[in-house]
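Here's the letter readout for the chains.
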Amino acid sequence: MNKQKALNMLGLAMRAGKLITGEELTINEIRKNKVKLVIVTTDASENTQKKVSDKSKYYQTACFIEFTQGEILGAIGKPRKVIGVLDQGFANKIMTLITG
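Because the structure is predicted, anything quoted here is derived from the model rather than measured.

Rules used in this analysis
Residues numbered from 1 in each chain as written. Predicted model: local features only at pLDDT ≥ 70, side-chain atom pairs only at ≥ 80, totals over all residues. Heavy atoms only, no water. Salt bridge = Lys/Arg side-chain N within 4 Å of Asp/Glu carboxyl O. Helix = DSSP H or I, 4+ residues; strand = E, 2+ residues; numbered from the N terminus. Phe/Tyr/Trp six-rings, centres within 6.5 Å; stacked < 30°, edge-to-face > 60°. Buried < 20%, exposed > 50% of the residue type's maximum accessible area, 1.4 Å probe, protein only. Pairing = 2+ DSSP bridges. Core = buried A, V, L, I, M, F, W, Y, C linked by side-chain atoms within 4.5 Å. Contact = heavy atoms within 4.5 Å.

Participant: Help me understand the pattern of salt bridges, please; the structure alone is not making it clear to me.
Facilitator: Once their charged atoms are close, side chains differing in charge can pair, the charge on each being opposite to the other. Enumeration over the complete set of coordinates arrives at five salt bridges. In this structure, Asp54 engages Lys50 in a salt bridge whose closest nitrogen and oxygen atoms are separated by 2.5 Å. Taken as a pair, Asp54 and Lys50 lie in helix α3 (residues 46-58) at a separation of four residues, close to a single helical turn.

Following this line, the structure appears as structure tokens:
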């Protein structure tokens, strides 16, 4: 996995206004089928990880439990545990970097 490049892409997506951050906002956007990729931090609570990944599975949205809250803070400038990527292009590139 090319972690730093994936984090850089998250930063670009944030500046482009293509991210939604925070658990409740992200879940609401998942319900509307607007989120293309969900990232939950590894240091989020088990309850949060399960809730978001179950919701993602139900709505067939890709979900990764990746990165720490500190790494996300460095990438997007906000300490968040749940992030939703709204743009398909950014989502595809970030998924490729995480899985590749």
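Participant: Would you explain the packing of aromatic side chains in this entry?
Facilitator: Any pair of aromatic rings gets described here by the distance separating the centres and the angle formed by the planes. In this structure the tally under the stated criterion is one aromatic pair. Arranged with centres 5.0 Å apart and planes meeting at 80 degrees, the rings of Tyr58 and Tyr59 form a pair that is edge-to-face. Its relative accessible area of 66% is what places Tyr58 among the exposed residues.

Participant: How should I be thinking about the pairing of strand β4 (residues 82-85) in this particular structure?
Facilitator: In regular strands, side chains alternate between the two faces of the sheet. Of the two faces of β4, the one lined by Val82 and Gly84 and the one lined by Ile83 and Val85 are each fully buried. Sheet topology note: the strand β1 (residues 19-21)/β4 ladder contains three bridges and is antiparallel. Residue pairing in the sheet places Ile20 in a bridge with Gly84 of β4. Here strand β2 (residues 37-40) pairs with β4 via four bridges, running antiparallel. Bridged to Val38 within β4 is Gly84.

Participant: What's the story with the nonpolar core in this structure? I'm lost.
Facilitator: Where a protein is soluble and globular, its nonpolar side chains tend to be buried together. Core analysis: the largest hydrophobic core is formed by 21 residues, its most contacted members being Leu10, Leu37, Phe67, Val85 and Ile94. Where this core is concerned, the elements lending two or more residues are α1 (3-15), β2, α4 (69-76), β4 and α5 (88-99). Ranked by residue count, the leading element in this core is α5, at six residues. Not counting residues up to four positions away in its chain, the partners in contact with Ile94 are Ala6, Met9, Leu10, Leu37, Ile39 and Val85. Listed in part, the nine residues of the second largest apolar core include Ile20, Ile30, Val40 and Ala44.

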